[in-house]
Amino acid sequence: AALARLVTEAAAEAVTSGGRFALGLSGGSLVTLLARELPPALSAAPGADPSRWLLAFCDERLVPLEHPESTGGAYRVSGGGPRVCTSSSQEGPVPP
């Protein structure tokens, strides 16, 4: 819960100062943690406005973003991605 709070606090600070919040996401156990903890943290921080986020999925595998084994795919399968991303234009892979 502490990581999700830290993320939403940083997002709220960036958004309320008139900017966007950019976040690089890795896979692994972070997917499960954020899928579980980020939605409640976002509910508690209305200033964090997910529509102002830019997500970059960091992945060492060379698979399409939509593939369930990609980092982006793992967030979608877990249910974490759609709750955070409101548009596919807010997300993208980080080139190797």
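Note: the structure precedes this text.
Notes on the structure follow. For clarity, every value in this text was computed on a predicted model and none was experimentally measured.

A word on the pairing of strand β1 (residues 21-25)
And step 1. Residue alternation in β1 divides its side chains into a buried set, Phe21, Leu23 and Leu25, and an unburied set, Ala22 and Gly24.
And step 2. In the classification by handedness, the crossover that spans β1, the intervening helix α2 (residues 29-43) and the parallel strand β2 (residues 53-57) is right-handed.

What about α2?
What sets the pattern is the α-helix's 3.6 residues per turn: residues three or four places apart point alike.
And step 1. Between its terminal C-alpha atoms α2 stretches 22 Å, which fits the 21 Å expected from 15 residues at 1.5 Å a residue.
And step 2. Within α2 the residues assigned to the buried category are Leu30, Val31, Leu34, Ala35, Glu37, Leu38, Ala41 and Leu42.

Section: the pattern of salt bridges
And step 1. Taken as a whole and judged by the stated rule, the model has one salt bridge.
And step 2. Glu37 is the partner of Arg36 in a salt bridge, and the nearest nitrogen-oxygen pair spans 2.9 Å.

What to know about the nonpolar core
And step 1. Counting 21 residues, the largest nonpolar core has Phe21, Leu23, Leu25, Ala48, Trp53 and Tyr75 as the members making the most contacts within it.
And step 2. When contributions to this core are tallied by element, the ones reaching two or more residues are α1 (2-16), β1, α2 and β2.
And step 3. In terms of residue count, the dominant contributor to this core is α2 (six residues).
And step 4. Not counting residues up to four positions away in its chain, the partners in contact with Leu23 are Val7, Trp53, Leu54, Leu55 and Ala56.

Each value, and the rule that gives it
- Residues numbered from 1 in each chain as written.
- Predicted model: local features only at pLDDT ≥ 70, side-chain atom pairs only at ≥ 80, totals over all residues.
- Heavy atoms only, no water.
- Buried < 20%, exposed > 50% of the residue type's maximum accessible area, 1.4 Å probe, protein only.
- Helix = DSSP H or I, 4+ residues; strand = E, 2+ residues; numbered from the N terminus.
- Right-handed = clockwise from strand over helix to strand, strands pointing away.
- Expected span 1.5 Å × (residues − 1).
- Salt bridge = Lys/Arg side-chain N within 4 Å of Asp/Glu carboxyl O.
- Core = buried A, V, L, I, M, F, W, Y, C linked by side-chain atoms within 4.5 Å.
- Contact = heavy atoms within 4.5 Å.

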